[in-house]
Amino acid sequence: MTATQASPAVGFDTRKLLIGGQWRAGDSAQLLPLHNPSDGSLLAQIARGNAADVDAAVAAAQAALAGDWGRWTAAERGRVLLKMSQIATAQADELARLEALDVGKPLKQGRADALALARYLEFYGGAADKVMGDTIPFANGYTAFSIREPHGVTGHIVPWNYPMQIIGRSVGAALAMGNACVLKPAEEACLSALAFGHIAQQAGLPAGALNIVTGLGEEAGAALSAHPGVAHLSFTGSVAVGQLIQAAAARNTLPVTLELGGKSPQIVFADADLDAALPFLVNAGIQNCGQTCSAASRILVERPVFDAVRRRMAERYAALCIGPALDDPEVGPLISARQRETVLGFLKIAHDTGLTVAAQARLPAGLPPGGCYVAPTLLAPVAPDHPLAQQEIFGPVQVMIPFDGEAEALRIANGTAYGLVAGVWTRDGSRALRMARQLHCGQVFINNYGAGGGIELPFGGVKHSGHGREKGFEALYGFSSLKTVAIHHG
Ligand code: NAD
């Protein structure tokens, strides 16, 4: 592929930025490669956006707020989001294909992401004209009320693992509240983000309400997070970069939502319905090849059923089917050779420290040699303070930790730097509630894990998993600022 060719695998020119309603080349004219993780081939090229492009995108967003977009009623904003939702639904198969090529995500999982994007747009489209302030009982002679207003220009920096879902929940909510967005997708995978720009245009979103600047994190991302014209930042990604974003936001005194990593536990008590739990225990570890912020990377099992759960999880691991994403296996490749090195590094630590491999899936013969495959691995038993039980691996590696009783389960579950999600499996309703109240994290699932994506359910973390909430109605509050008006009329 030369710099002047569009990618044959993608139906649009991937080398353009969306700024002020126009698809245009980046300021530097430099391009970055996108690789297909299933075979390592060059997939497409994207523009290497820089600070000048971010300047232009922020200016276009400001112009949109001062122009048509800023004048649209809440109901009109809702309608355009619903139209975007319909288009995303109609294009779900194509979006899934792009995600398979770009992220290495198996087709069914990519299609689920596309439908989740559509559902976010539907949810926030429906909610746009239902966000209200309050009238406030105040002193005699006054009438006081509050109004929810958009922040202005919102910056959205998203990772490569679930681009469609994360764009849906953050850009969808921000647009519903009347903000104008500048989106910076990840340099490893951004085809679905660019496709989202086309969907917005097809639906009739006014120019400048959504701007997309592809490029490197330390270049375009850093420029966006430090830009004085941005009024709110929403970041989803690693803890290390999240801390940089928060520091940059602090210099401009900006509100920031940080959705960071996790080391989430599923806690299985001896009285649990193991048949119900089993699929969730494994799937939540291997979905998207383990590259999920809320992956259940720690499986805590009460000692009387530890061996039974280990045996049954091992059987499931042995049956896992792994392959190129377009073949729609259960497990595809990791995103990149670099991510594969990271995961293999953790497996080397496991080996060097004498951890027992309870199960390892088999990589089939004939996988493309350039693909970033790694065999899903279950380690058991693992001590709660072992590095593999403490650090986010971001690959298909789960550790099993035995415990005795509720108090120890809680101590282990809460005993990492993270606090994103937890699952509890028990038939004892009182225990389930006690656990839910004492787990230190943003979401707790009782006798399920993830609630099928839970678009309506506020999501976010505590500790190093971040702060602020996206998803659900709560996100609309995050993407707006509250103004109080007090009128003295005597
Ligand atoms: P990352 O932090 O390296 O990159 C995320 C985004 O930040 C990318 O768009 C990247 O270009 C940008 N970026 C990188 N350096 C930057 C800088 N200096 N300034 C501004 N932007 C910069 O994360 P990753 O490795 O791509 O993603 C994996 C991490 O994301 C994991 O830790 C995972 O748990 C987390 N994650 C969290 C959630 C959640 O909702 N909590 C969801 C998905 C992923």
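To be clear, the structure that these remarks concern was listed above.
Residues numbered from 1 in each chain as written. Predicted model: local features only at pLDDT ≥ 70, side-chain atom pairs only at ≥ 80, totals over all residues. Heavy atoms only, no water.

Provide a residue-level description of the sheet that holds strand β15 (residues 377–379), including the pertinent values.
Spatial ordering of the open sheet is given by β14-β15-β16-β13-β12-β18-β19, a layout of 7 strands whose pairing is mixed. If you trace the sheet from one side to the other, it starts and ends with β14 (357–360) and β19 (443–446), each paired once. In this sheet, adjacent strand axes meet at a mean angle of 20° when their direction is disregarded. Pairing of strand β12 (residues 264–268) with strand β18 (residues 421–425), which is carried by 3 bridges, proceeds in the parallel orientation. Bridged to isoleucine 267 within β18 is valine 424. (Pairing = 2+ DSSP bridges. Helix = DSSP H or I, 4+ residues; strand = E, 2+ residues; numbered from the N terminus. Axes fitted to C-alpha atoms, helices over the stretch in contact; angles between N-to-C directions.)

Go over the side chain of serine 264, please, and point to the residues and values.
Along the chain, serine 264 turns up in strand β12. Judged by relative accessible area, serine 264 falls into the buried class, the value being 1%. Excluding residues that lie within four positions of it along the chain, serine 264 makes contacts with Cys293, Ser294, Ala295, Ala296, Ser297, Arg298, Leu420, Val421 and Tyr449. (Buried < 20%, exposed > 50% of the residue type's maximum accessible area, 1.4 Å probe, protein only. Contact = heavy atoms within 4.5 Å.)

Run through the site of the ligand, naming residues and quoting values.
By nearness alone, 30 residues border the ligand, and Arg169, Glu187, Ser238, Leu260 and Glu392 come closest of all. Here lysine 184 contributes a side-chain N or O atom positioned 2.7 Å from an oxygen atom of the ligand. Here a nitrogen atom of the ligand and a backbone polar atom of glycine 217 are 3.4 Å apart. For the ligand, whose accessible area on its own is 850 Å², the fraction buried by protein is 90%. Because more than half of its atoms lie within 2 Å of the grid, the ligand is assigned to the largest pocket. Listed by contribution, the elements that provide at least two residues to the shell around the ligand are α6 (163–176), α8 (217–225), β10 (232–236) and α9 (239–251). For the shell around the ligand, the two domains that each supply at least three residues are domain 1 (17–260 + 467–484) and domain 2 (265–454). (Near = heavy atom within 4 Å. Polar contact = N/O pair within 3.5 Å; in protein donor to acceptor, adjacent residues only side chain to side chain. Areas by Shrake-Rupley, 256 points an atom, 1.4 Å probe, with all protein chains shown as cover. 1 Å grid on protein atoms, 1.4 Å probe; cavity = no way out; pocket = protein on both sides within 12 Å on 5 of 7 lines; lining within 4 Å. Sits in = over half its atoms within 2 Å of the grid points. Domains from an automatic or database assignment.)

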